[in-house]
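Given next are the chains, with one letter for each unit.
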Amino acid sequence: MDAQQLPPVWANDVLGDVVISESEIASRVAELGAAITADYAGDPPLLVGVLKGAMAFMVDLARKVELRVDVDFMAVSSYGSATQSSGIVRIVKDLEADLTDRHVIVVEDIVDSGLTLNYLRKYLLARKPKSVEVCALLVKEGEQRVSLDLKYVGFTIPPTFVVGYGLDVAEQFRNLTGIFTYIGEGRHE
Ligand code: IMP
């Protein structure tokens with residue numbers, strides 16, 4: 001781990017330590033892109049990014065896949081408390097692409113309980129794709145409430161709340177270049 005990346009001044013009152021630095025993300029994303037390139041050489045997939053959390057990951061990953069992929073986005077909102085999903089998912093923005101007979105890779109920011117992804121996978125499978133696989137940047141260790149078959153995983157992290165590189169709290173901190181633990185106001189109390 002690159003312990004050198006400090007939180008930026010504009011956010012350092014609410015952030016804890018870096019969990020994954022910008023440079024670690026970049027090298028892992030390149031590896032994931034190379035794996036997808038090798039696995040789908042004969043039949044390029046449709047990459048489906050889940051907004052908004054996967055925004056940064058999708059942009060970086062897609063550019064590391066050396067195939068004629070196309071990309072599409074869905075936006076979902078999961079009912080539940082601010083930090084816990086309920087598994088009941090509302091589709092806020094649906095796909096535009098036709099999935100029939102296509103390989104699909106869902107590009108997801110973080111898998112916590114796994115309920116959001118479980119719902120999405122079933123939703124996409126109903127559209128008769130050739131396959132649906134998942135590429136998740138982060139998986140929280142030991143938190144999954146459903147069994148999920150994740151083909152590509154960037155990093156497994158401890159079950160703490162993190163922000164940055166697309167991940168937010170109350171819509172903020174998505175623009176951090178690394179991933180940090182979120183301590184919140186009151187850190188200095
Ligand atoms: P799940 O349904 O419990 O797996 O929750 C997945 C979704 O919850 C992710 O796509 C994120 O939007 C959000 N989420 C879960 N953990 C975190 C976190 O540590 N930081 C920011 N968002 C999170």
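Our subject in this report is the structure included herewith.

## Focus: the sheet that holds strand S8 (residues 162-163)
On the basis of which strands lie adjacent, the open sheet formed by three strands has the order S1-S9-S8 and antiparallel pairing. In this open sheet, the two strands that pair with only one neighbour each are strand S1 (15-20) and S8. Sheet analysis places S1 next to strand S9 (residues 179-182), joined by three bridges and oriented antiparallel. Its bridge partner lying in S9, Val18 is registered against Phe180.

## Points about the side chain of Lys140
Position of Lys140 relative to the elements: it lies in strand S6 (residues 131-140). Apart from the residues lying within four places of it in its own chain, the contact partners of Lys140 are Ile110, Val111, Asp112, Ile157, Pro158, Pro159, Thr160 and Phe161.

## Looking at unusual backbone geometry
Here Leu51 and Lys52 are connected by a cis peptide whose omega angle stands at -5°. Although it is not a glycine, Asp101 adopts a positive phi angle of roughly 65°. Mapped onto the elements, Asp101 comes out in the loop between strand S4 (85-93) and strand S5 (103-111). For Asp101, a relative accessible area of 52% gives the class exposed. Unlike most non-glycine residues, Tyr165 shows phi in positive territory, near 50°. Among the structural elements, Tyr165 can be located in the loop between S8 and S9. Residue class for Tyr165 comes out buried when judged on its relative accessible area of 7%.

## Re the nonpolar core
In this structure, Phe57, Leu138 and Ile179 are the most contacted members of the largest nonpolar core, which totals 27 residues. Among the secondary structure elements, those contributing two or more residues to this core are S1, helix H1 (22-39), helix H2 (55-62), S5, S6 and strand S7 (152-157). It is H2 that contributes the most residues to this core, five residues altogether. When sequence neighbours within four positions are dropped, the list of residues in contact with Phe57 reads Val29, Leu32, Val107, Glu108, Cys135, Ala136, Leu137 and Tyr165.

## Some words on the environment of Gln144
Residue position: Gln144 is located in the loop between S6 and S7. Gln144 gets classed as partly exposed once you look at its relative accessible area, which sits at 30%. Put simply, Gln144 and Gly114 are 30 residues apart on the chain and 5.3 Å apart in space, counted from C-alpha to C-alpha. When neighbours within four sequence positions are excluded, Gln144 is seen to be in contact with Val111, Asp112, Ser113 and Val139. Within polar-contact distance, the side chain of Gln144 engages the backbone oxygen of Asp112 at 2.7 Å.

Parameters and conventions
Residue indices begin from 1 for each chain and proceed along its sequence in written order. Totals for whole chains, interfaces and linings use all residues, but because this is a predicted model, local features are given only for residues with pLDDT of at least 70 and pairs of side-chain atoms are given and counted only at 80 or more. Water and hydrogen atoms play no part in the side-chain values, which are based on all heavy atoms of the structure. Should DSSP find at least two bridges between two strands, the strands are regarded as paired. Counting from the N terminus, the helices are the DSSP runs of H or I reaching at least four residues and the strands are the DSSP runs of E reaching at least two. Whether two residues are in contact is decided by their heavy atoms, any of which lying within 4.5 Å being enough. Partly exposed describes any residue whose relative accessible area lies between the buried limit of under 20% and the exposed limit of over 50%, with all areas from a 1.4 Å probe on protein chains only and scaled to the type maximum. By nonpolar core we mean a set of buried residues, namely Ala, Val, Leu, Ile, Met, Phe, Trp, Tyr and Cys, connected to one another through side-chain atoms within 4.5 Å. Nitrogen and oxygen atoms within 3.5 Å of one another constitute a polar contact, given that in protein one can donate a hydrogen and the other can accept it, and given that sequence-neighbouring residues count only through two side-chain atoms.

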